[in-house]
Each structure stands twice: as structure tokens, then as C-alpha cells.
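Observations on chain architecture
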Amino acid sequence: MCNLLLSGNNQLILHSCTRTTMREWLIIYLIGLLIIPKVRADEGMWLVPLIQDLNMDRMQEMGLELEAEDIYSLDHPSLKDVIGALDYGGCTAEIISSDGLIITNHHCGEDEIQFHSSPEHDYLTNGFWAMSREEELPNPGKTISFVIRMENVTDKVLGMVHLEMTEAERETEIDKYSETLIGEAVEGTHYEAVVVPLYEGNEYCLVVLETFKDVRLVGAPPACIGRFGGDQDNWEWPRHNADFCLMRIYTGPDGTPAEYAPENIPYKPPLWLPISLTGYEQDDFSLVLGFPGRTDRYATSSGIREIKEIENRNRIKIRGKALDLMMEDMKSSDKVRIQYTAKYSRLSNYYKYSIGQNLSIDRLDVIGKRKSQEEQFTQWISADAAREEAFGDILNEINSVISERTMMENALSYLEEMFLLHKAVEIFDFATVAFPFFFQELGYASEQQEISVLTDRMKNRGDDFFRNYNPQTDKKIASAMMQLYARDVEPLYYPGLFSTIHKDFDGDIIKYIDHLYRKSIFTAPSRFEQFTEKPKFKKLMKDPAFMGSFSMYQTYQQILDEYEELDERYINARRNYVHALREMYPDSVFYPDANSTLRLSYGTVCDYLARDAVSYEYYTTLAGVMEKEDPENREFRVPEKLKRLFEEKNYQPYARNSTMRVCFLTNLDTTGGNSGSPVLNSRGELIGLNFDGNWESMSGDIIYEPALQRSICVDIRYVLFIIDKFAGAHHLIAEMDINGQR
Ligand code: GLU
């Protein structure tokens, strides 16, 4: 059921796979969804259309002054119209002015900031501020999507599905009905729609979206403010960074979404978020709306062990090595530093996450806790013969699939981390740019395209690629990765390029890598240009990067094919498991696992006891930035201007009692994808942006730990202070809707 396909724009994608662990990132909307029994007050990423029935009473009791209609309404503007998904499946951003100004995290705009940076215009280091609309910088490919509506379509999607169907048949049926529903939902509009599974495929939801395609960079603080603390502070509290950047949505002259064009105009949204200068105190109600990406709240104990021992362990090993090599080169050249900043952050973010998650899994005995839940589940099943008949084998089935697939999981995670998905090595992914041409020449393309169309695409991608590519860095990383792969993956899963190394290079990986980077079309702009001027099939057949890449995809496909039967069993068992759990706890309210759909979490501003005798305040201040300053450490440099503002206490109107708050904590239930999400007070005013989680609860995507789990937010007043006093971008402050003490 898993096939390699070319998408509409001829990008190579994996399609119609039923495999669930990490592979969903390869397929746009393949998402596993999970639930947990017994929901506590502050836990839960709630589906927004359901809050009236499920959460409003509790939220109002806790202090919320809004009505459900203010949050999600089909009849009048509501918060759902203000909170968008950047590159649907990426971060969250929200509208903060009547002229389409949006705010998100600095780490969510880092690609764009880097894209516009060069050693001459180093916006990463120095920050960027458009002082007029003309100076706002277009970002090719950047999008933001807003929810038009969400509808539970379970009955329609599962209407023709029956128990005797195989997983493949079931999936085909579901796809067919989803297509019809999507077609009906978008007919006659410029909207897009997706149908996503909820509760592990026990339910389905139609999401209709409006996507804007001209999103320009407006402002970003220097990295020493936006990313202050860098990797050392990442995923940890206390924090002292202004993790924000500003962008603006533009539309065509008629006000509807359009691709970038000079004549486009700023978007006129139906609503924008008011900003509060009043701040917050301990225990104040707060809520967050955003597009959390993925949680595994109902992984079985065996599933958690698999995450720990394969996914995380491999990632830590692979990325640790690749990051060290990357950093060596970034330190010795400004050009390489700029080229690799965003790549480095992308890899290091989940590198550290995996380290923290494995530590938390052990420290919090996450596997043990899940095992005792499974014991209760088993007892509940054995108490009733009908249950035994229906669900008696589910856990065994899940466990045995997981143990049968260990070697495959290992190989897949190496291929993905190193070459195909997270791309510690870049060259093999870039070489796929020639796949459409190659397939067409072989006669395998579904439709013939003009060669000029294919070469134009290759040239465009080449321009993007070479701008941020240093072959020497990639070569060093490739040598290290290939050696690790040879050492740690079963020979059964060596891609064909290993036979080439064996036959033509005496088994010497270094010799092969030398040859590849010296000769390949894909490692030098001049050779690539020559090729795209006159592409030749035979040249590709001889190209080491191209053939290497091709052999990796073949191996990947071979593993997925082997995996297919196991995967079907797994999906089936997991769906039944979730179904059984909902039966086991009929009085509990369940929320589906995160899947990049719009969710709401609510809770309070609050501190925490991190460990014995170590308790943390719920906010940090600018004094802490000065305390952490270390001119010798690039992650802790403080710009002179910020020091001056601190000495002068030039904070008004953004501070109370001469204390400039910087970041704060809430117990809101968030995960990746919530980055940039608005944190709102009880009146629905913006008080901060969510940007991170804390070290003590890094296993939070699996089990929510109420006493420990915190979301880290930047105080909106610090953001305004940086825009106003540090950057002098008063015109941006002027277009915002700011309430409270001014
Ligand atoms: N730790 C991340 C960062 O600040 C953000 C959190 C996430 O990706 O979920 O880079």
C-alpha cells in the first residue's frame, strides 16, 4: 500500500502509506491520533467546535469572560479567524492589526530571516525592521491558513466501511469519501479542505481552510535577543529570549488570497487580537489557541520503549555527530554560519528534545505508569466474555508488531534522519530534483511534460539549494553518516550504493565520498547548470549522488513493502485499542491527539517545583538577561543598546514597578506546532506567545504531568518593548490595538 509517487509539482513524495510512527512527516496529512483516559482540568488540546459542549462551563468557572461564539463561530468573526497555521503543519501565527500584521516565534521565521540574510545584510545577527510597507520582504512559498469551518464527518466517511474489509480496502474507501467531501466543501470557492482522522481513525473531521500565499517579513530582533540562550537554554526554564518575529499577509487587489505580486495589498481581516499591557499574576486564567502538531498520549508501554530505544536513541547519535561537524564550519566562516543557521536549529531542536524525552521517560517512570494502565485495561477486558472476544488480543497484537518490526524501524530511522527526511546529509535529497526527468525518460511518468518545464523546475530548486549549501560541510557529514550507517544498520538494509562502494572503491567509504563530491552534478553549481542546460539520462545513470539517492529510495520502499502487513495489523489494533478505551471510561471526556488541527488549551499562569527543594518563579525579568550575559559565549551575548535601556530603566509603558518581565509560565497543554500561538487572558487579549516546553516534562507528548508540565511564553510587553524602544519601529506599535496601562 506504500508507493513512491510524484506529486502535482513533481516533488517526490511517499503516498498512501499506512505506516504510522515517524513516517507521517513524509505525507502531508497522515496523522496518528491518540487519546488518554481521565482528563484533568488543565490537560487537553480541545477541538474548537466542541468547546461549547465540553469546556465552556469549566473555563468560565475559572474566569473566562468570553462566550464559545467568540472563539468559534460560523456566523460572525471569532478567534478562529485570527489564528492561522503557518505552512499548514508548521507553526502558529496570529493577526494583530487591521492591516494583516501577524506575529509568530523567531524560530518559526528563522528560515525567512536567513533567506534574506547575507554577510552584507546579516539580519540573523543584526535583526531586520521594515520601516515602511515597501521594505517588507516577500517569502516565496510561505503560506498561512485560517479555519473556515470544521465538521465531524465520521458517519459519511465510515458509512461504507465494514469489519470484514482489509486495512487497504478500508483506506481506499475512506479516501474515496474524503475526496468527495473535500470536493463538495470547496466547490465554487478558493478554499482548500482536508479530512483528518481523529481518535486513531475511529472518527474523521473535515477542515475547510483559507490559505494566503503572500506573507512578507516585517520585523525580527537580532538572534542575540530572539534566540538569547540558544541551544543551552532551549527546552528549559528559566528563559530570557524574545522569541518573536513579525510578518504581514498580503492579498490580491480584490482582497482575496493571491500569490506574491507587487500590486498586492495588506490583508484586511475581519478581526485582530487586542493586546493587553496589564499582564498576569500567578493563577490567572489563560488560554492558548493554535495548531499543535503531534502527540502520542496513548502510546502503549511497548510503543514508548520503541520511541525511546529506536527513534530517540538513533536521533541523538546521528544528530549529535552531524551538529558537531556543522558547528565546526559555522564557527570558522560567516558565510557558512548564515547558510546553516536554520538547518542547525531545525536539527538541534529535536536532538535536545529527544535527549530530554529519554531522560524524562526514565525519571518519571513513564513506561511503568503506562504498564499499570494496561493492567487495568486487561482486567477490564477479562471481566467480560464479550469484551474478551472483541478486544482480548489487542495489546498482544500491538506488542508483537512492535517487536517484529525492530530491525526495520532501525533502518528506517537511519535513512530518514540521515538522508531522506531530516537530512543531516543534504546531497541525496537534492539529487531527487532530477527524479521527474529520470522517470520520464524511463517512461514511468504518469504524464509527459515538456523538458523545458522540468529543467526550469530543476534550475529554481538549484538556485535555492546552492544559496545555502557548502559542499565541504556536507561532505564531512556524509562521510561520518555513511560510516555510522554501515556500522549500525543490518546489511540487509544497505542501499545499493554500498555494493558500488564495495565493488568500485574497495569498500572504502571515504574514497567513495571523495569521488562523489568531486564528480557529481549535484555538488557544484557549474556542473548542475551544465546538466540543466542539456539534461542527459546517461549522465544521471553515472552520477554517484543521483544513483546513491535512487538506491536509498529503493531500500526505503523495500522496507515499507516488507512493513506493510505489520503496519496494517498495527493500525487495526491501535484503532480498536482506542475504541475499547472509550468504552472502558464511558463517563470520561476524551480529546483526540494533536494532528495540526486548531485546538484550544486552557489553564493558568503558574510556577512549579522542579525537583526536591528547587522551585521556579513563574516569570523572568530583564535583570536575568544581564545575569546570563557572557561575551565569550555566542549564545549569551547582550547588545549594548539593550544594556543601556536596562540601565536607564527605559521601559514605559511596558513595565510595572520598573521591572521588565521577559518570559512566563503557564500549565497550558501545548506541543510543537503551538510555537507562536497566542496566549490570551480571560478577556481574550494577547498577553504572550507560546514558544517552548520545559525540561522536567519532556515526556509530556506521551503523558501529561500536571505538577511539572509548563509551556514557556514570551511576555507580549517585552515584545512591544523590543519593537518600540530597541528597534524604534514605532509605526508597527501604532498599528496595533493595545489596551491597558499605557
Ligand atoms: N524548543 C523549540 C525552540 O525554541 C520550540 C518548541 C517546539 O519546537 O515545539 O526552538
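See above for the structure.
From a predicted model like this one, the values you see are computed outputs, not experimental measurements.

Conventions and cut-offs
Residues numbered from 1 in each chain as written. Predicted model: local features only at pLDDT ≥ 70, side-chain atom pairs only at ≥ 80, totals over all residues. Heavy atoms only, no water. Helix = DSSP H or I, 4+ residues; strand = E, 2+ residues; numbered from the N terminus. Buried < 20%, exposed > 50% of the residue type's maximum accessible area, 1.4 Å probe, protein only. Contact = heavy atoms within 4.5 Å. Areas by Shrake-Rupley, 256 points an atom, 1.4 Å probe, with all protein chains shown as cover. Lys, Arg positive; Asp, Glu negative; His and termini not counted. Charge placed at Lys NZ, Arg CZ, Asp CG, Glu CD. Near = heavy atom within 4 Å. Polar contact = N/O pair within 3.5 Å; in protein donor to acceptor, adjacent residues only side chain to side chain. Patch = residues over 30% accessible without salt bridge, like charges linked within 9 Å, V, L, I, M, F, W, Y side chains within 5 Å. Salt bridge = Lys/Arg side-chain N within 4 Å of Asp/Glu carboxyl O. Disulfide = S-S within 2.5 Å. Pairing = 2+ DSSP bridges. Axes fitted to C-alpha atoms, helices over the stretch in contact; angles between N-to-C directions. Parallel < 35°, antiparallel > 145°, perpendicular 65-115°, else oblique. Nonpolar A, V, L, I, M, F, W, Y, C, P; charged D, E, K, R; others polar. Phe/Tyr/Trp six-rings, centres within 6.5 Å; stacked < 30°, edge-to-face > 60°. Lys NZ or Arg CZ within 6 Å of the ring centre and 35° of its normal. Arc of directions from axis to C-beta.

In this section: the overall build of the protein chain. Assigned secondary structure in the protein chain consists of 28 helices and 25 strands. The dimensions of the protein chain, computed from C-alpha atoms along their principal axes, are 75 × 75 × 60 Å. Per-residue burial for the protein chain yields a buried fraction of 62% across its 742 residues. For the protein chain, contacts bridging at least 24 residues in sequence account for 78% of all contacts bridging at least 6. Accessible surface, the protein chain as shown: approximately 29300 Å² in total, 49% of it carbon and sulfur. Averaging the coordinates of the 77 positive side-chain charges in the protein chain and doing the same for the 118 negative ones gives two points 6 Å apart.

Taken together, His 107, Arg 227, Asn 234, Trp 235, Arg 239, Asp 243, Asn 349, Tyr 350, Gly 672, Ser 675, Phe 691 and Asp 692 make up the full set of residues near the ligand. In the environment of the ligand, a nitrogen atom lies 2.7 Å from a nitrogen or oxygen atom belonging to the side chain of Asn 234. Contact with the protein chains removes 93% of the 300 Å² of surface that the ligand exposes when unbound. Of all the elements in the fold, those that place two or more residues in the shell around the ligand are α11 (334-363) and β23 (686-693).

On to a positive patch on the surface. Where like charges cluster on the molecular surface, the positive patch consists of Lys 534, Lys 536, Lys 538, Lys 539 and Lys 542. The residue Lys 536 is located in the loop between α22 (525-533) and α23 (537-542) in this model.

On to the state of the cysteines. Under the definition given, this model contains one disulfide. Between the sulfur of Cys 91 and that of Cys 108 lies a disulfide, 2.2 Å long from S to S. The chirality of the disulfide connecting Cys 91 with Cys 108 is left-handed, given an S-S dihedral of about -80 degrees. Here Cys 91 is found in the loop between β4 (83-86) and β5 (92-95), whereas its partner Cys 108 is found in helix α4 (residues 106-115), with 17 residues between them in sequence. Residue Cys 91 is classed as buried on the basis of its relative accessible area, which comes to 17%. Relative accessible area serves as the criterion here: at 8%, Cys 108 is assigned to the buried category.

Now for a negative patch on the surface. Judged by side-chain charge, Glu 67, Glu 69, Asp 70 and Asp 75 come together as a negatively charged surface patch. Note that Glu 69 resides in helix α3 (residues 68-71). The partly exposed category is assigned to Glu 69, whose relative accessible area is 36%.

Next up on the list: the pairing of strand β16 (residues 285-290). Regular strands place their side chains on alternate faces of the sheet. Of all six residues in β16, six are buried; the element is thus mostly enclosed. Of the two faces of β16, the one lined by Phe 285, Leu 287 and Leu 289 and the one lined by Ser 286, Val 288 and Gly 290 are each fully buried. Both β16 and strand β17 (residues 599-604) contribute to a ladder of six bridges, which runs antiparallel. The residue of β17 that forms the bridge with Val 288 is Ser 601. When β16 meets strand β22 (residues 678-680), the two strands line up antiparallel, connected through two bridges. Among the inter-strand pairings, Val 288 is bridged to a residue of β22, identified as Val 679.

What follows deals with the packing of helix α15 (residues 406-420) against helix α19 (residues 471-488). What describes two packed helices is the angle between their axes and the distance between those same axes. One can describe the packing of α15 onto α19 by two numbers: an axis separation of 11 Å at closest approach and a directional angle of 180 degrees. One finds that α15 runs roughly antiparallel with respect to α19. In this structure, α15 uses Asn 410, Ala 411, Tyr 414, Leu 415, Met 418 and Phe 419 to contact α19, whose residues at the interface are Met 481, Met 482, Leu 484, Tyr 485 and Asp 488. Considered class by class, the residues forming the contact of α15 with α19 number nine nonpolar, one polar and one charged.

This part is about the packing of aromatic side chains. The full count for this structure, using the stated rule, is 49 aromatic pairs. Ring geometry for Phe 430 versus Phe 466: centroids 5.4 Å apart, planes at 80 degrees, classification edge-to-face. Of this pair, Phe 430 sits in helix α16 (residues 427-430) while Phe 466 sits in helix α18 (residues 451-467), and the two are 36 residues apart along the sequence. In this structure Phe 430 comes out as buried when scored by relative accessible area, which is 0%. Phe 466 sits in the buried class, given a relative accessible area of 15%. When the centroid spacing of 6.2 Å and the interplanar angle of 55 degrees are considered together, the rings of Phe 439 and Phe 550 count as tilted. Remark: Phe 550 occurs in helix α24 (residues 544-584) and Phe 439 occurs in helix α17 (residues 435-442); sequence separation between them is 111 residues. Judged by relative accessible area, which is 17%, Phe 550 ranks as buried. In this arrangement the basic side chain of Arg 405 is found over the ring face of Tyr 570, its NZ or CZ atom lying 4.2 Å from the centre. The residue whose ring lies beneath Arg 661 is Tyr 619, and the NZ or CZ to ring-centre distance is 3.6 Å.

Counted by the stated rule, this structure contains 54 salt bridges. The shortest N-O distance in the salt bridge between Asp 692 and Arg 239 comes to 2.7 Å. Within this pair, whereas Asp 692 is found in strand β23, its partner Arg 239 is found in the loop between α9 (230-233) and β13 (245-251), the two being separated by 453 residues in sequence. Accessibility classification places Asp 692 together with Arg 239 in one group, the buried group. Measuring nitrogen to oxygen at the nearest pair gives 2.8 Å for the salt bridge that ties Asp 488 to Arg 487.

Time to look at helix α21 (residues 509-519). Every buried residue of α21 is listed here: Ile 509, Tyr 512, Ile 513, Leu 516 and Tyr 517. The buried residues of α21 occupy an angular sector of 125 degrees when projected down its axis, which confines them to one face. Among the structural elements, α16, α19, α20 (497-504), α22 and α24 are those in contact with the buried residues of α21. For α21, the N-terminal cap is Asp 508; the gap from its side-chain oxygen to the backbone nitrogen of Ile 510 is 3.0 Å.

Trans is the common state for peptide bonds, and a negative phi is the common state for residues other than glycine. A cis amide bond, omega 0 degrees, links Trp 237 with the succeeding residue Pro 238. Tracing the backbone through its elements, the reader meets Pro 238 in the loop between α9 and β13. Cis peptide bonds are those with omega within 30 degrees of zero, and the linkage from Gln 652 to Pro 653 qualifies with 5 degrees. Turning to its location among the elements, Pro 653 is positioned in the loop between α26 (640-648) and β21 (661-666). In this model, Asp 283 sits at a positive phi of 75 degrees, which is unusual for a non-glycine residue. Examined against the element boundaries, Asp 283 turns out to sit in the loop between β15 (275-276) and β16. Here the phi dihedral of Ala 613 falls at roughly 70 degrees; this positive angle occurs in a residue that is not glycine. One can find Ala 613 in the loop between β18 (608-611) and β19 (614-616). Ala 613 sits in the exposed class, given a relative accessible area of 73%.

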